[in-house]
Amino acid sequence: MNEALIYLITVVFDLYFMVVILRIWLQLVRADFYNPFSQFIVKATHPIVAPMRRILPSIGSLDTASVVLALLVVVAKILLLTLMAGEDFNLVATLIFALVSLFKKAGVLLFWILIIRAILSWVSQGRNPIEYVMMQLTEPLLAPIRRFLPPMGGLDLSLLVLMVLMNFVNILLAKTIPFWAIA
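Conventions used here
Residues numbered from 1 in each chain as written. Predicted model: local features only at pLDDT ≥ 70, side-chain atom pairs only at ≥ 80, totals over all residues. Heavy atoms only, no water. UniProt positions renumbered as here; feature names shortened; annotations may be inferred. Helix = DSSP H or I, 4+ residues; strand = E, 2+ residues; numbered from the N terminus. Contact = heavy atoms within 4.5 Å. Areas by Shrake-Rupley, 256 points an atom, 1.4 Å probe, with all protein chains shown as cover. Lys, Arg positive; Asp, Glu negative; His and termini not counted. Charge placed at Lys NZ, Arg CZ, Asp CG, Glu CD. Buried < 20%, exposed > 50% of the residue type's maximum accessible area, 1.4 Å probe, protein only. Salt bridge = Lys/Arg side-chain N within 4 Å of Asp/Glu carboxyl O. Axes fitted to C-alpha atoms, helices over the stretch in contact; angles between N-to-C directions. Parallel < 35°, antiparallel > 145°, perpendicular 65-115°, else oblique. Nonpolar A, V, L, I, M, F, W, Y, C, P; charged D, E, K, R; others polar.

Where an unreviewed UniProt entry is consulted, the protein appears under the name Membrane protein, with the organism given as Shewanella algae. Heading Sequence similarities (unreviewed entry) of the UniProt record for the protein holds this comment: "Belongs to the YggT family."

Draft legend 1. The arrangement of the overall build of the protein in detail. Looking only at helices and strands, one finds six helices and zero strands in the protein. Taken from N to C terminus, the helices and strands of the protein fall in the order α-α-α-α-α-α. The dimensions of the protein, computed from C-alpha atoms along their principal axes, are 60 × 40 × 35 Å. Within the protein, counting contacts between residues at least 6 apart in sequence, those at least 24 apart form 64% of the total. Accessible surface for the protein amounts to roughly 11,500 Å². Of this, 74% is attributable to carbon and sulfur atoms. Of the side-chain charges in the protein, 13 are positive and 9 negative, and the distance between the mean point of each set is 8 Å.

Draft legend 2. Geometry of the side chain of Ser-101. One can find Ser-101 in helix α4 (residues 91–123). In this structure Ser-101 comes out as buried when scored by relative accessible area, which is 4%. Setting aside residues up to four positions removed in sequence, Ser-101 forms contacts with Phe-17 and Val-74.

Draft legend 3. Representation of the UniProt feature "transmembrane region" (unreviewed entry) in the protein within the structure. As annotated by UniProt and renumbered to match this structure, "transmembrane region" (unreviewed entry) occupies residues 6–26, 62–85, 91–120 and 157–182. Between the end C-alpha atoms of residues 6–26 the distance is 30 Å, and the span holds 100% helix and 0% strand. Between the C-alpha atoms that bound residues 91–120 there is a distance of 42 Å. The span itself is 100% helix and 0% strand.

Draft legend 4. A look at the pattern of salt bridges. The full count for this structure, using the stated rule, is seven salt bridges. For Asp-14, the salt bridge goes to Lys-105, with nearest N and O atoms at 3.6 Å. Note that Asp-14 is positioned in helix α1 (residues 2–28) and Lys-105 in helix α4, a separation of 91 residues in sequence. By the burial criterion, Asp-14 is buried, and Lys-105 matches it. A salt bridge links Arg-53 to Asp-63, with the shortest nitrogen-to-oxygen separation between them at 2.8 Å.

Draft legend 5. Quick peek at the packing of α1 against helix α2 (residues 36–55). It is at 9 Å that the axes of α1 and α2 come closest, and there the two elements cross at 95 degrees. In terms of axis orientation, α1 runs roughly perpendicular to α2. Between α1, through Tyr-16, Val-19, Val-20, Leu-22, Arg-23, Leu-26 and Gln-27, and α2, the contact on the second element is made entirely by Phe-37, Ser-38, Phe-40, Ile-41, Val-42, Ala-44, Thr-45, His-46, Ile-48, Val-49 and Arg-53. Classifying every residue of the contact of α1 with α2 by side-chain character gives twelve nonpolar, four polar and two charged.

Below, the structure is given as structure tokens:
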């Protein structure tokens, strides 16, 4: 029973955490707000982000309210799991973990969006709303690679190069960040 509850809490918090990360990312790349996928992300986070925006103004294109919400979601998850385990709660360690988790989950999300975008490029008959948003999310990262490595023989290798670079950074960070911060 306890493992099942831990699993459920982890999945619910992680899914919402990814939705909040997507909101941050969509705003950073100035994705199409009227896209149905973007509308879902906004509607899923707006009830919490809107009141926070009154207190936390944006810094440029970075929505600080959404960043704080992402960190609060991780802190709430850790607090809940810590209380369930009957252990002591360390706020400083939790905040560090939340910050590392934000970057780690953003990388995982980017990886899966790149995979889905690659698969859709093989089977898609045209533009659909999800594919369009995925293009808007990943294009700022892929375009600079294409400047140095243009398509060869009709193959765009920028996605592969980005994934290799992401894996390189992941391995590099795994050596410098303690194992407990990678979960």
